[in-house]
Amino acid sequence: MTVRILYFASLREALGTSGETLDLPPGVATTGALRDHIAARGEPWLQLARAKNLRCAVNQAMVGFDAAVKAGDEVAFFPPVTGG
Amino acid sequence: MTVRILYFASLREALGTSGETLDLPPGVATTGALRDHIAARGEPWLQLARAKNLRCAVNQAMVGFDAAVKAGDEVAFFPPVTGG
Amino acid sequence: MSVSVQEADFDVGAEIAALTAGNVDAGAVASFVGLVRGGTIEAMTLEHYPAMTGKALDDIVAEARQRWELLGVRVIHRVGRLLPGDRIVLVAVASTHRQAAFEACEFIMDYLKTRAPFWKREETAAGGRWVDARDSDDEALRRWAE
Amino acid sequence: MSVSVQEADFDVGAEIAALTAGNVDAGAVASFVGLVRGGTIEAMTLEHYPAMTGKALDDIVAEARQRWELLGVRVIHRVGRLLPGDRIVLVAVASTHRQAAFEACEFIMDYLKTRAPFWKREETAAGGRWVDARDSDDEALRRWAE
């Protein structure tokens, strides 16, 4: 049971990858917990903890860091958007 | 010493004329006094007194009915504008 | 040339593009197009006060340029007889950022609607009638009072 | 089709005209065009989150249609590498009266700027850098809160 994780823009560059597939560890049930779980790997993943105004989306909808994450979800982390 | 007077839109139609040249009578020194002077002719000129929200301009600038009128001026009377 | 009063139609895309051509600071163009609505209306004739119209529009544009930092302004207002679906007016405003462009565009439309000497006469199957001024246009103007 | 995300440029005049074609109630079209500013910027690359972008824009348009009585909405956002003066985004809104058209157009732009997953990367002579989000865009969004 895995989640698909995507990184965009400056975060993608800082991490050196546009995404990964991750086994959802026991006890990791929110976007915030997932962020902390990945950041705990150390550099460069600490970017996720350090990033000012980090945003996230679950299944292509923007959510907060208390949003539920479950197996099969697509979770995206990215900096504030700057289109338009 | 005369003033040029112009009428527009529904007022022009009601009066049956788009304008006239008028000797400025003694004592008529404002747009309001000029309006009353013309309306005093009776029908159809009473339209000028009756018109709801009559507007006026002196020398192509919108003004109130206390604005000064002097010989040589172009004075226009018209209903509220509806362009755009 | 920022203001035109004319019988001819205009090319919205070309006017908007011309407003920012060669201006590297222009990041935003807000614009408005007013059209003749149909329904019972078969035609609409726009009368104006030729000696005053251009001056009134110039004054409105000058006032907008005093209030906001604008890089370009274009106002075109048609006169004469128009049919449903025809364009009546274009206001387009270029600025560095969108807020100034939007505000100035609305400001110019609100002033134009209440201060520029145009009058609309509608033709319907029942005959012709002069369009009444809308109270909401006077209300819209009030928000710009300082 | 009201929302497009594409590399290709778009025809502002044609899009605005198409929005009201055949709709006799449409009296007003407000629109916004965003452009790449020049100066020190030599190019700008728009990255996006393809699976989410169309959905985010559809949601923004649906929200605008709930808040205002709209007759047509068109949103086009470009992605990829653009040069100074290039168009980035078009938002055009048709309604019966101008107030709804203006408000909905600004609303869509404010939401797009803060909720649609696009990111700009500028290239200058000194190298590339990701554009920072502007606090003023978050402030602009707040005025629509109920």
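You'll find the structure just up there.
Residues numbered from 1 in each chain as written. Chains lettered and ligands numbered in written order. Predicted model: local features only at pLDDT ≥ 70, side-chain atom pairs only at ≥ 80, totals over all residues. Heavy atoms only, no water.

**Here we look at the interface of chain C and chain B**
Next up, step 1: Listed by partner, the interface residues are 25 residues for chain C and 20 residues for chain B.
Next up, step 2: Across the interface of chain C and chain B, roughly 1800 Å² is buried in total on both sides, 59% from carbon and sulfur atoms.
Next up, step 3: Three residues stand out in chain C for area buried against chain B, namely Tyr49(C), Trp119(C) and Trp130(C), and they jointly supply 34% of the buried area on that side.
Next up, step 4: Between chain C and chain B we count 2 salt bridges in total.
Next up, step 5: Broken down by secondary-structure element, the contributors of at least two residues to the side of chain C that touches chain B are strand E3 (41-48), helix H2 (50-67), strand E6 (87-95), helix H3 (98-115) and strand E7 (118-124) of chain C. (Contact = heavy atoms within 4.5 Å. Buried area = accessible area lost by both parts, 1.4 Å probe. Salt bridge = Lys/Arg side-chain N within 4 Å of Asp/Glu carboxyl O. Helix = DSSP H or I, 4+ residues; strand = E, 2+ residues; numbered from the N terminus.)

**Observations concerning the environment of Ala14(A)**
Next up, step 1: As for its position among the elements, Ala14(A) is in helix H1 (residues 9-15).
Next up, step 2: Once you skip the residues sitting within four places of it in the chain, Ala14(A) turns out to touch Pro44(A) and Gln47(A).

**Remarks on the pattern of salt bridges**
Side-chain pairing between opposite charges can occur once the charged atoms of the two side chains come close.
Next up, step 1: Counting across every chain of the model gives 34 salt bridges over all chains.
Next up, step 2: Across the pair Asp9(D) and Arg87(D) runs a salt bridge, and its minimum N-O distance is 2.9 Å. Remark: Arg87(D) occurs in strand E6 (residues 87-95) and Asp9(D) occurs in the loop between strand E1 (3-6) and helix H1 (12-20); sequence separation between them is 78 residues.
Next up, step 3: For Asp9(D), a relative accessible area of 38% corresponds to the partly exposed category.
Next up, step 4: A salt bridge links Arg129(D) to Glu122(D), with the shortest nitrogen-to-oxygen separation between them at 3.5 Å.
Next up, step 5: Residues joined in a network through salt bridges with shared partners are Arg98(C), Glu106(D), Asp110(D), Arg134(D), Asp137(D) and Arg143(D). (Buried < 20%, exposed > 50% of the residue type's maximum accessible area, 1.4 Å probe, protein only.)

**Focus: the pairing of strand E4 (residues 72-78) of chain C**
All names here are of chain C.
Next up, step 1: Of all 7 residues in E4, 7 are buried; the element is thus mostly enclosed.
Next up, step 2: With burial as the criterion, each face of E4 is covered, one bearing Gly-72, Arg-74, Ile-76 and Arg-78 and the other bearing Val-73, Val-75 and His-77.
Next up, step 3: Pairing of strand E1 (residues 3-6) with E4 involves 4 bridges; the strand directions are parallel. From the neighbouring strand, Ser-4 faces E4, where its bridge partner is Ile-76.
Next up, step 4: Pairing of E4 with E6, which is carried by 6 bridges, proceeds in the antiparallel orientation. Paired with Val-73 across the two strands is Val-93, which belongs to E6. (Pairing = 2+ DSSP bridges.)

**Re helix H2 (residues 31-39) of chain B**
All names here are of chain B.
Next up, step 1: Residues of H2 that are buried: Thr-31, Gly-32, Leu-34, Ile-38 and Ala-39. End-on view of H2: buried residues confined to an arc of 165°, all on one side of the axis.
Next up, step 2: On its buried face, H2 sits against strand E1 (2-7), strand E2 (19-23), helix H3 (47-50), strand E3 (55-58), strand E4 (61-63) and strand E5 (74-78). (Arc of directions from axis to C-beta.)

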